[in-house]
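Read off the chains here:
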Amino acid sequence: MRMKNKKQIISRLLWMGNIFLLIFCLAGCGTSGTGTSESGTEQQESSSSVPNYYHKGKIFLPQADGKVTEEHEGVKLDLSHTDQGYFMAAYTGSADKLLIQVEGSDNIPYRYYFDPDGKYNALPLTAGDGSYAVTAYENVGDNRYAVVFTKIVDVTLENEVLPFLYSNQYVNFDENTKTVALAKKLTKGKTEIEAVQEVYEYVIKNIVYDDEKAATVKSGYLPNVDDTLKTKKGICFDYAALMTAMLRSSGIPTRLDIGYATNIYHAWISTYLDEQGWVDNVIKFDGKNWTSSIIFKASTIGILISISCSVKYKFLSIFVASTILIIPSGFSFKRKSLVTISSFV
C-alpha cells in the first residue's frame, strides 16, 4: 500500500517537473473574498500511547545533528528526527530564495521559504505516518521558481502529537525566548484547561491589532513572538503564533489552523488535552468582541481559540496543522507550464 502511495505521489509530481512556480504568499488576515470554511476539528479519542507532557520541564526544540543527512545543489536536509514530526532544511545555493514544499497523505502542499544563509529551519510533518513528497524550488527571478529536486520521505511518528509540540519556522521559540518564560509564569499551578484560558486572557488583554502592519505586510512574513510581546501589537498571525508558542512550550500539544467561517477570517488554535485527546471548544473574536466558552460535555473538556482579523485583501487560505500559509484567491495548478495566481485585491 505504501509503495502504491509512493508511485501516486511521484506520478503526480512528474508532470510538475521542469516548471516554474509563480506564487504570491500573503501573511495577513481578511474578512471577505473567496475562501474555505472551517466548522471545527472533529474530536478524536485520546490515545493511551500519548504521554502527558504538560509542565514536565521539557521544551521541544528541533535539532540538526547530522545523523541522517542529504544535500542537493545547495539544499541541505537533516532527516534524523522524522519520528519526532519534523525535519531540518537549510540553503546555501546561489539563488536569492528557496522554496520547499512538503506534501503528505492529506494532499495539502505546505510551503516554506529560505534565504541562502545556511541556517537550519524545522519543517513539520503534520499529516501523520506515511510518505511525504519534499520538493525544492529555486527562485529564478521575480516570483518564478524552478524545481531543484523531489524526494519521498517515509515517516513513522513516535506519537501523533509530537509535531504540535516542537518549535518550527512559523512558531519559533527556544529556552531563551521571553515568551517561554512568560508562559511558565502564567501557567504555574494551573490545570491544562486553565493554562489555555490563562494564555488566551493574557494575549487578548495585552496585544492590540496592528492595522498598519496588516495593510503593509509582505509575502513571506514570519512572526517573532518576542517582538509581539515587546510591541504589544500584531496581526492575527502574530496573535496565533504567540498563543501557540506559549502553549507548546508549556507542554500542551497545539495545532494551528486557519480559514473562513461565515465569511469571517479566523485562526483556530486546537489543543490536545490529557484524557480527552484532540477536542474543540470556542474562544472567538468576531471582529468586535472576544467571547470565551468552556463547555463540559460528559467527560470531555475542550478548547479552541478562534481569532479573526480584518485587512483589505482577498485570499484563499489553506488549513495548516502547525503553521500558517495563506494563498491569494485564484491559485491553481497548471499542468503544462505555470502555477499561477490570477488575481488578488
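Counting restarts for each chain: residues are numbered from 1 in the order of the written sequence. Only residues with pLDDT of 70 or above have their local features reported here, since the model is predicted, and side-chain atom pairs are shown and tallied only from 80 upward, although totals for entire chains, interfaces and linings are computed over all residues. No hydrogens and no water enter the side-chain calculation; it runs on all heavy atoms of the structure.

Caption draft 1: Local environment of the overall build of the chain. Numbering of helices and strands starts at the N terminus; helices are DSSP runs of H or I of at least 4 residues and strands are runs of E of at least 2. From N to C terminus, the chain includes six helices and 23 strands. For every residue, the accessible area (1.4 Å probe, protein chains only) is compared with the maximum for its type, and the residue is labelled buried under 20%, exposed over 50%, or partly exposed between those bounds. Looking at the 345 residues of the chain, the share that counts as buried comes to 54%. Residues count as neighbours in contact if any of their non-hydrogen atoms are within 4.5 Å of one another. Counting contacts in the chain only where the partners sit at least 6 residues apart, residues at least 24 apart contribute 67% of the total. Surface accessibility of the chain: about 15,500 Å² in total, with carbon and sulfur atoms responsible for 49%. All accessibility values rest on the Shrake-Rupley procedure with a 1.4 Å probe; residue burial counts only the protein chains present in the view.

Caption draft 2: Representation of the pattern of salt bridges within the structure. A pair is scored as a salt bridge if a Lys or Arg side-chain nitrogen falls within 4 Å of a carboxyl oxygen belonging to Asp or Glu. For the structure shown, the criterion picks out four salt bridges. Among the ionic pairs, E201 bridges to K205, the shortest N-O distance being 3.7 Å. You can see E201 and its partner K205 sitting in helix α3 (residues 192-206), four residues apart, about one turn around the helix. You can call E201 partly exposed: its relative accessible area is 25%.

Caption draft 3: Up close: the packing of helix α2 (residues 178-187) against helix α6 (residues 236-249). α6 packs onto α2 with a crossing angle of 65° between their chain directions and a minimal axis gap of 9 Å. Relative to α6, α2 is oriented so that their crossing is right-handed. Contacts between α2 and α6 involve T179, V180, L182, A183 and L186 from the former and L242, A245, M246 and S249 from the latter. A fitted line through C-alpha atoms represents every axis, and for helices the fit uses only the stretch in contact; the resulting angles, taken between N-to-C directions, go from 0 to 180 degrees. If you view the pair so one helix is near and one far, a crossing is left-handed when the near helix is turned anticlockwise from the far one by less than a right angle, and right-handed when it is turned clockwise.

Caption draft 4: Broad picture of the sheet that holds strand β2 (residues 69-72). In this analysis, strands are considered paired if DSSP registers two or more bridges between them. The four strands are arranged β2-β3-β4-β7 in an open sheet whose pairing can be described as antiparallel. Every other strand in the sheet has two partners, leaving β2 and β7 (121-124) as the edge strands with one partner each. Within the sheet, the average angular offset between the axes of one strand and its neighbour, ignoring direction, is 25°. Two elements, β2 and strand β3 (residues 75-78), share four bridges in a ladder whose sense is antiparallel. When the bridges of β3 are listed, E71 appears paired with K76.

Caption draft 5: View of the pairing of β3. Hairpin connection from β2 to β3: two residues lie between these consecutive antiparallel strands, with E73 at a positive phi of about 50°. Pairing between β3 and strand β4 (residues 86-91): four bridges, direction antiparallel. Looking at β4, one finds that K76 is bridged to A90.

Caption draft 6: Structural view of the environment of A195. Relative to the helices and strands, A195 resides in helix α3. Sequence spacing of A195 and I252 is 57 residues, and the spatial spacing of their C-alpha atoms is 9.0 Å. When near neighbours in sequence (up to four residues on either side) are disregarded, A195 contacts Y54, T187, K190, L247 and I252.

Caption draft 7: Layout of the side chain of E192. Tracing the sequence through the fold places E192 in helix α3. When charges are counted, Lys and Arg are positive and Asp and Glu negative, with His and the chain ends excluded. No salt bridge is formed by the buried E192, whose closest oppositely charged neighbour, K56, lies at an N-O distance of 7.8 Å.

Caption draft 8: Geometry of the confidence of the model for the chain. The pLDDT value tells you how sure the predictor is about a given residue, anywhere from 0 up to 100. For the chain, the mean per-residue pLDDT works out to 74, and 64% of the residues sit at or above 70. Low pLDDT, under 50, characterises residues 10-28; the stretch is placed with 71 contacts to residues that sit more than four places away or in other chains. Here residues 281-289 is a poorly scored stretch, pLDDT under 50, and it has 30 contacts once near neighbours within four places are set aside; other chains count.

Caption draft 9: Summary view of the packing of aromatic side chains. Only Phe, Tyr and Trp rings are paired, with Trp represented by its six-membered ring, and only when their centres lie within 6.5 Å; those with planes under 30 degrees apart are stacked, over 60 edge-to-face, the remainder tilted. All chains considered together, the criterion is met by seven aromatic pairs. Ring centres 4.8 Å apart and planes at 50° place the aromatic pair Y86 and Y166 in the tilted group. Taken together, the positions of Y86 in strand β4 and Y166 in the loop between β9 (144-155) and α2 put the pair 80 residues apart, joining distant regions of the chain. In terms of burial, Y86 and Y166 fall into one category: buried. Here Y170 and F237 contribute two aromatic rings whose centre-to-centre distance is 5.8 Å and whose plane-to-plane angle is 20°, an arrangement assigned as stacked. Remark: F237 occurs in helix α6 and Y170 occurs in the loop between β9 and α2; sequence separation between them is 67 residues. A relative accessible area of 6% places Y170 in the buried class. Accessibility expressed as a relative area gives 3% for F237, which makes it buried. Three or more aromatic residues joined by ring pairs form one cluster here, namely Y53, F60, Y86 and Y166.

Caption draft 10: Structural view of the packing of α3 against α6. Where α3 contacts α6, the two axes come as close as 10 Å, and the packing angle between them is 145°. Pair α3 / α6 crosses with right-handed handedness. Each of A195, V196, V199, Y200, Y202, V203 and I204 in α3 lies in contact with α6, whose residues at this interface are Y239, L242, M243, M246 and L247. When the residues that make up the contact of α3 with α6 are grouped by side-chain class, the tally is 12 nonpolar, no polar and no charged. Any residue outside Ala, Val, Leu, Ile, Met, Phe, Trp, Tyr, Cys, Pro, Asp, Glu, Lys and Arg is labelled polar, Gly included; the first ten of those are nonpolar and the last four are charged.

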